[in-house]
Amino acid sequence: MATFTSSTFLGGAGRFDGNGNASWAGERDKAAAAQSFAGYEVEAELSGSTYRVQRTFLPIDTSSIPADATVTAVTLNFNANYEGGYTTTVAHLVQTTQATTSSRDLADFDLVAGIPGGAMTSGGSVAIANGSPATAKTITGNATSLGWITKAGTTKLALVVEKDQTNTAPTGAGDSMWATVTSPELVVTYTLPGGGFPFVLF
């Protein structure tokens, strides 16, 4: 059994912000984000009459995982918190088809399966309770997430809130979801044919 562990994400990682629309579908299914940032946040909010969606893209180089490896476990660790009049936030791990992984391209905002109009497939989730400072969170990937690890290549993952993942429009501040995420770390456990020695990549 071997382990890949890394908190070094590619230049395309960061927060992609739709930055508001009067329609839920118009915001969630935008072909491009309005802006992007190096930090990480996830959100599905209705403030007044404006919907806002933010997604955190996490492309990562997993080329050190051999092509003949069998992935047996996926874990995403991070710190997170939210504050304000929001409902308990649930963050989901999803897969993207991010076209540009070396830098943040606003046109990648909608490159998640289930957009437009449908639900995104969840690779696992975790609840994020209100409070500060941030607390450690872990998403233990489900069986579907094992197939999202690109051996000998680039793995394309993202974090979204459950309202975004299920395509459920928030109805107000008390039904909105938002969280700040810091220090993400991907851990992949795998086996090699005939066994193999574990290693850790930082």
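Q: Got a sec to walk through the pattern of salt bridges? Specific residues and values, please.
A: Overall, the coordinates contain 8 salt bridges when judged by the stated rule. Residue Lys30 is joined to Glu27 by a salt bridge in which the shortest nitrogen-to-oxygen separation is 2.9 Å. With relative accessibility at 17%, the residue Lys30 sits in the buried group. Judged by relative accessible area, Glu27 falls into the buried class, the value being 0%.

Q: Let's hear about unusual backbone geometry: which residues, and what values?
A: For residues that are not glycine, phi is negative in most cases, and the peptide bond is trans in most cases. Residue Ile115 is joined to Pro116 through a cis peptide bond whose omega torsion reads 5°. Summarising the element assignment, Pro116 is placed in the loop between strand S7 (89-95) and strand S8 (125-128). The phi dihedral of Ala152 falls on the positive side, at around 60°, and the residue is not glycine. Residue position: Ala152 is located in the loop between helix H2 (143-146) and strand S10 (154-161). Phi angles above zero are rare outside glycine, and Asn167 is one such case at about 60°. Structurally, Asn167 is set in the loop between helix H3 (162-166) and strand S11 (177-191).

Q: Can you break down the nonpolar core residue by residue, with the values?
A: Formed by 49 residues in total, the largest nonpolar core has its most connected members in Leu76, Phe78, Leu159 and Leu186. Only strand S1 (2-6), strand S4 (40-47), strand S5 (50-61), strand S6 (70-81), S7, S8, S10 and S11 provide two or more residues apiece to this core. Ranked by the residues each element gives to this core, the list is headed by S11, at 7 residues. Residues contacting Leu76, with those up to four places away along its chain left out, are Leu58, Leu93, Lys137, Thr138, Ile139, Leu159, Glu185 and Leu186.

Q: Describe the environment of Asn77, listing the residues and the values that go with them.
A: Along the chain, Asn77 falls in strand S6. Between the C-alpha atom of Asn77 and that of Thr138, which follows or precedes it by 61 residues, the distance is 4.5 Å. Contact partners of Asn77, with chain neighbours within four places excluded, come to Lys137, Thr138, Ser183, Pro184, Glu185 and Val187. Polar side-chain contacts of Asn77 include one of 2.9 Å to the side chain of Thr138.

Q: How would you summarise the pairing of S4 if you had to cite specific residues and measurements?
A: Looking along a regular strand, one sees side chains alternate from face to face of the sheet. Of all 8 residues that make up S4, 7 are buried, and the element is covered over most of its length. With 5 bridges connecting them, S4 and S5 associate as antiparallel partners. Each bridged residue has a counterpart across the sheet, and for Ser47 the counterpart in S5 is Thr50. In this antiparallel pair of consecutive strands, S4 and S5, the connection spans 2 residues, and Gly48 shows a positive phi of 65°.

Q: Summarise the packing of aromatic side chains; cite the residues concerned and give the values.
A: This structure, assessed with the given rule, holds 2 aromatic pairs. Taking the centre distance of 4.6 Å and the plane angle of 50° together, the rings of Phe16 and Phe57 count as tilted. Separated by 41 residues along the polypeptide, Phe16 in strand S2 (residues 14-17) and Phe57 in strand S5 bring together distant segments of the chain. Judged by its relative accessible area of 0%, Phe16 falls in the buried class. Aromatic pair Trp24 and Tyr51: ring centres 5.9 Å apart, planes at 65°, arrangement edge-to-face. Highlighted residues: Trp24 in helix H1 (residues 24-28) and Tyr51 in strand S5, separated in sequence by 27 residues. A relative accessible area of 16% means that Tyr51 is categorised as buried. Just above the ring of Phe109 sits the side chain of Arg55; from NZ or CZ to the centre is 4.2 Å.

Calculation notes
- Residues numbered from 1 in each chain as written.
- Predicted model: local features only at pLDDT ≥ 70, side-chain atom pairs only at ≥ 80, totals over all residues.
- Heavy atoms only, no water.
- Salt bridge = Lys/Arg side-chain N within 4 Å of Asp/Glu carboxyl O.
- Buried < 20%, exposed > 50% of the residue type's maximum accessible area, 1.4 Å probe, protein only.
- Helix = DSSP H or I, 4+ residues; strand = E, 2+ residues; numbered from the N terminus.
- Core = buried A, V, L, I, M, F, W, Y, C linked by side-chain atoms within 4.5 Å.
- Contact = heavy atoms within 4.5 Å.
- Polar contact = N/O pair within 3.5 Å; in protein donor to acceptor, adjacent residues only side chain to side chain.
- Pairing = 2+ DSSP bridges.
- Phe/Tyr/Trp six-rings, centres within 6.5 Å; stacked < 30°, edge-to-face > 60°.
- Lys NZ or Arg CZ within 6 Å of the ring centre and 35° of its normal.

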